[in-house]
Each structure stands twice: as C-alpha cells, then as structure tokens.
Amino acid sequence: MNLRRLGSIVVKELRQLRRDRLTFAMIIGIPTMQLVLFGYAINMDVRHLDAAVLDQSNTARSRELIAEIAATDVLRFKHTAYSAQDIEALLDAGRISAALVLPPDFEARLEVRDRPAAQIVVDGSDQVIQSAARQLAAFPVYGSLGWTSRVPGVEVVNFYNPQRLAPINTVPGLVGVILTMTLVLFTAIALVRERERGNLEMLIATPVSPWELTIGKVLPFVAIGLVQVTIVLGVGKLLFGVPVRGSIAELYAAALVFIVASLSLGIFISTLARTQFQAMQMAFFTFLPQILLSGFMFPYAGMPVPAQWLSEILPLTHFLRLVRAIMLRGADLIDVWPSLAALGVFIAVMLVVAVSRVHKSLD
Amino acid sequence: MPPVDDTAVEDAAIRARGLTKRFGDLVAVDALDLTVRRGEVYGFLGPNGSGKSTTIRMLCGLLKPSAGDIDVLGCSIPRDAEKLKRRIGYMTQRFSLYEDLTVAENLGFLAAVHDVPRARARERIDELLDTYRLADRRKQLAGTMSGGQKQRLALAGTVLHKPDLLFLDEPTSAVDPQSRREFWDSLFELADEGTTLLVSTHYMDEAERCTRLAILDRGRIVADGTPHDLMRNLPGRTLLVDTAEPRQAQRALSGLEGVIALAQIGTSLRVLAADGDHLEERLGERLKSEGVEGRFEPVAPNLEDVFVAATRKTLEDRAQEGKAKEGSS
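Once a new chain begins, its residue numbering starts again from 1 and follows that chain's sequence as written. In the order they appear in the text, chains get letters beginning with A and ligands get numbers beginning with 1. Local features in a predicted model are, by the rule used here, given only for residues with pLDDT of at least 70; side-chain atom pairs are given and counted only at 80 or more, and totals for whole chains, interfaces and linings are based on all residues.

## Details of the overall build of chain B
- Secondary structure elements follow DSSP: runs of H or I no shorter than four residues count as helices, runs of E no shorter than two count as strands, and numbering proceeds from the N terminus. For chain B, the helix and strand inventory stands at 11 helices and 14 strands.
- The C-alpha extent of chain B, read off along each of the three principal axes, is 75 × 50 × 35 Å.
- Here the C-beta atoms are placed from the backbone, and a residue counts as buried if at least 20 other C-beta atoms lie within 10 Å of its own, exposed if 12 or fewer do, and partly exposed otherwise. Here chain B holds 329 residues, and the buried ones make up 42% of them.
- Partitioning the contacts of chain B with sequence separation of at least 6, the portion at a separation of at least 24 is 69%. We call two residues in contact when their backbone-placed C-beta atoms lie within 7 Å.

Okay, here's the thing in structure tokens:
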C-alpha cells in the first residue's frame, strides 16, 4: 500500500464527485428529504379527522363527553352510528378514520372505574391517525371528578394494525436507512464505473494495486457517511427534538462501523456487476430486506422466526439496535457489544468474498 | 514464409513462444511466436478479432496466457508482471483517462500513480503539454476535447513515466487522417529516443510505416518481416487491368484458377494472382470470351496484396485441413 498513490486516488475521486452534481445533490439531498418527509408525516399535528359516534348510553354525561371531544378539533363527528356494524362498514369504506363508542353502561363505568368508559376505534393502517388517537386516549373523561384510577378513561383500539411505531424510534432508524441507501449504491457504482468506462484497463497496466484503488475510491464515502449522520442528527434534533441520550462519540463510532459495513457490501456488489446499471439493480435488491426486516418498519419481535434469522444477517438490524440503544436508552457501546460484533463479522465476510473475486475479475 | 530464426537475437525487447489464449472453446491466440527487437516500431496488422488486443494484453501482463512463455524486457510474464508495469506504457484502444478530470489533473494523477517524484512530475507534465500541444488546454475537461486532442493526451499519459516499451492498441481508430499522420510522427520521435513500440492497426498505410510487421489472422501470425521484404517476397503477381468496364471484368475473372483477389481501383481492376505460366494469356482469353476489352500491366505489389494473400492462404490451408480430417474419419 503506497500512501501517495492512495492519496492521489482519493483526490481524484473527490474531484470527480464535485463535478458530478447529481450524485452530490443526492448525497446531501436524500438524508434531508427523507428526514423531513418521514419526520413530519409521523409527527404531524392531526386535525379534523372524519369520525363516527356510537352513543349506546345516550345520557347527559355521554352527550357532554362527545361535545368535549368534538371541541378538541381532532375528531369531527360526521356520522352517527347505531351499531358496531355501522362503524365497521364506514371504516371499510374509508369514510371515517375513527369512531367514538360509548357503551350502554357508560355512566356505571364512570362510577366504578374498573374498565375504560369509552372506546375510540381507529384506522390503524394509518400511522398519522394512530398517533392522533393516542393523544385522545389521555382525554380527561372524568372531568372535575378527579382522575386517580389506573384505568384510562378512553381505550384506543387499533382496528387494522395492532402494532404501533413510536415516532422517536424513526429518526435513529433513518440514520441507518439513509446510510444504507446512499453508501451501498454509490460505492458499488463508483467502483463499477471505472471498469465500465475503460479506466480500469489503463489502471491495471500501472503499478496501482486493486486494493489501493478500492480503498482510495471508498475512503471519500466514509467521510460522506459521517456528514450524512451529522445532517440527520442535526435536523432530527432541530425539527423533531430527537434526543441523543448516550455519548455522541460512541454514536459516531457505531455509525463508522456501520458505514464500513455498508461500504463493504457495496464493494462486494461491485465485484458481481459488470455495468453501473447492474450495480444499481443489485444495490436495490439489498435495500428491500434491509428496510422491511431490520426492525425499521416492523418490530423484530413480531416477525416469524425464519424472518428473524434473515434479519440477523442484515447489517441494518444490528445498527438499529446500536443506534436506538445509544440515542434513546443512553446505553454504552459495551452494553451492546453483540451488535457491534455482528457488524464486524459482516464486514469480514464481505471483504473476504470481495478479495477472492477482485483477483478473478482482473485476470 | 519460414519462421525467422530469432533465438539468436540478443537485443529482444519482447520474446514470446507458443503464446496461446483460449476463452472457453474460442482460441483467440493460437501458438504465437514473436520477437521484437529493441528500438523497433513493430506493427500488428490484422482484422478485428484476429487476436491483436488479446496478444498485447498478455504481453503487458494484464491477461494470463493459457499456454506459452513470454519474456518482456527481461521480465518473465506473468510472474514479473508487477515489476514490468513500471517500465511499460499501455495505450488502450478506447480513451481510458478520466473524462471528468482536466488535462492537468489527469496527468497529475498518472504521475502519482506511477510514483514519479512530485518535483519531476511537474516538470515532465509541462514538457509533455508542450510536446503534444496541450499547454493551452491544461484546465479543460478531457471529455470535452476532440478525438485528436484526446489521443495526444492519452499518449502523453502513456509516456509520462518514460517507459522503455510502449504498447499501443489501435491508437488511431478514432481520429481523422491529419491527426493520424501527426500521431505517427510522435511515435517516430519516441522511437528515436530509444523507445520500443508495438502498435496494432488495421490501416495499411500505418502498417507500412512500421520497421517490422506481423500480419495476424485468427490468432496466428500468417506473415512477418519488414514491409519492404513482405511486399518484395510476395509469392504471386499483381496486375492492373486497364478496361472501360471494370465491373464486367471483375465478374469475368472471379473464380478463375490462380486468381487470389480482385479489387476495383477507380476505373481499373487490380488482380492478385498466384505465380503460374502464361498467366496474362489465360486472363486475356477469359476476358475476350466474356466480351470485355482489357489491357494488362504488371504493377508492384502493395501491403494490401500481402495482407490479402496471407490471410487468403490460411483460409485455404484450413479448408484443406478440414478435408483431410473428413477423409481420415
């Protein structure tokens, strides 16, 4: 490994990157855009959801509660239902997003306080509506009577999607998703481009070794990855107040390990692909399982066992554990060493496979 | 043509014996023997797919031969390929510098990659920009230059580290005739400075300028020697038929025994024929019987005749080999 040669490759790569406006815009644009889109969609302050009301008790107090909830402006009662079937039909037709149900024994429940007095049925397929309903769950049904019981006044039932995604979990996860989507793709493309454009044939007739070339081309992306992490954390803090409870240094250390893992996946892809387009296709092929099975979209615990095995192979799964532990639980790296070790194994395997293939592809 | 006995050549820059490359069932290079002396401008002439590029790649150590021995500048290839890379330059068929880097950035990158010390690199780059008339294009992106300029830049990049031996793979396939002539002048300047050059081409006029030449066909060298010797020793004769109806004459003579090739040159017909008695009389009779007026005039063979005769011969040889095989089975 010759440092001057390595340096000249890094400089060349940065120059090319600077002139490739589209790629450069994507590197900075993708994290900002995704963060803003994801973040606002989840945290949006919902108003005027179409709703139905089913008042089976029909007393003065039930009517009072309906009026109070309507006054919050979160729900707008456009329909009056007369049975649970009415509500189901309205939900299925997409005409309402939520329904308020007051049981016949509403007043008795208010007195005894052993069960929730009211129920809000929610279209759980929609994240935004779910989070709005959660706000209503805290509604002080008992009014001036005082609120002491352990039983909530309003029970929220997710009609379609029993699982809920905490918005605070999304931003740390986004760090991983954004790094995956940009770094794997750009590394693979950058390496294949050299071959596709014929530069490689000129380079292999020079003293440059394949590893000087690979490392030199990939190093700028390590820096780019760290810049992206900073953007996501900064914007996340600024717009959504997402906290970093653990150590910033440890967070960056974990991100660095994950960046290297993503780059090694990109290097591996570049040894398989002949053209930039193929590299892009293969990179996308790895995105789907990473985003769906890593626990970013759906919780790991809820997945069937074979999906969990697959999930364990994916670097994003382990990074999500690391980043959530450090950012939200304030954990130390030592506490989460198994995830760190898993990423290390992933890097080692990818690079070993890539090395054996690089020699072949240059022959 | 008998192979030249060159085991005695002391000052060989390239020596290959039995060089073979197979890609699956395809034999791209077939037991090729080659000797290139130091200081020569050695040409590879052959059609596309004749194995020129594959041979050059093997000689550079970029491709592992399936069989055979290679010695380039005293390095045994592929074993010493890394050592050799510091002493050779390889100019690829396609422009292979970075189109999104400037002229100066490209050369600076190559200097670093070739371990040319910084101070000397700056001097050398200035010198090359001057030699190849690129000084005013220093800050221009390589991708925005013309074919001729790109090619001069590529040559500058190839000779930047002052290699002893240059491989050029069809270097002039993308440039106009004027640039081609200038480019060859540059090559001779390099040869004057003591660089050995191996150039592949499919242009006859370029091949004719080489000091020595090998004609490749289907992975084999079918003729080699100096262009002059090749033309002088052409077994056969070339005639020009002066006729008012060259197309009718061509139709009349094609397929006649002893006729190797016919080509219309403007308003006359060029005939390449095997040596034989009463050739002109036989040709004349045929023309007369077909009702074509024509007058024969012997002319000196050119390189194209050599090329046609050499590649034609292998066709016949192979056809006969095929027949022999059929008969024995």
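## Section: the pairing of strand β10 (residues 220–225) of chain B
Residues and elements named next belong to chain B.
- A pair of strands counts as paired when DSSP detects no fewer than two bridges linking them. Bridging between strand β9 (residues 212–217) and β10 involves 5 bridges; their strand directions are antiparallel. Bridged to L216 within β10 is I221.
- Where β9 hands over to β10, the hairpin turn is made up of 2 residues, of which R218 adopts a positive phi near 45°.

## Let's talk about the pairing of strand β2 (residues 26–37) of chain B
Residues and elements named next belong to chain B.
- Pairing of strand β1 (residues 12–23) with β2, which is carried by 8 bridges, proceeds in the antiparallel orientation. Bridge assignment links L19 to a residue of β2, and that residue is L32.
- Between β1 and β2, which follow one another and run antiparallel, lie 2 residues, and G24 among them has a positive phi close to 65°.

## What about the interface of chain B and chain A?
- Across the contact, 19 residues belong to chain B and 18 residues belong to chain A.
- Per-element accounting of the side of chain B that touches chain A gives the leading share, 4 residues, to helix α3 (residues 103–113) of chain B.

## Points about the packing of helix α10 (residues 248–272) of chain A against helix α13 (residues 315–328) of chain A
Residue and element names in this part refer to chain A.
- Axes here mean lines fitted to C-alpha atoms, for a helix over just the part in contact, with angles spanning 0 to 180 degrees between N-to-C directions. Relative to each other, α10 and α13 sit at 170°, their axes nearing to 10 Å. In terms of orientation, α10 lies roughly antiparallel with respect to α13. Along the contact surface, α10 presents E250, L251, A254, F258, A261 and S262, while α13 presents P315, F319, L322, V323, I326 and M327. The cut-offs work like this: below 35 degrees is roughly parallel, past 145 is roughly antiparallel, 65 to 115 is roughly perpendicular, and the gaps in between are oblique.

## What to know about the sheet that holds β1 of chain B
Residues and elements named next belong to chain B.
- An order of β2-β1-β4-β5 is seen for the 4 strands of this open sheet, with the pairing classed as antiparallel. The open sheet has two edge strands with one neighbour each: β2 and β5 (75–77). Adjacent strand axes in the sheet meet at a mean angle of 20° when their direction is disregarded.
- Sheet analysis places β1 next to strand β4 (residues 67–72), joined by 5 bridges and oriented antiparallel. Following the sheet pairing, T20 is matched in β4 by A67.
- Running at roughly 120° to β1, helix α1 (residues 52–60) makes contact with β1, β2, β4 and β5 of the sheet.

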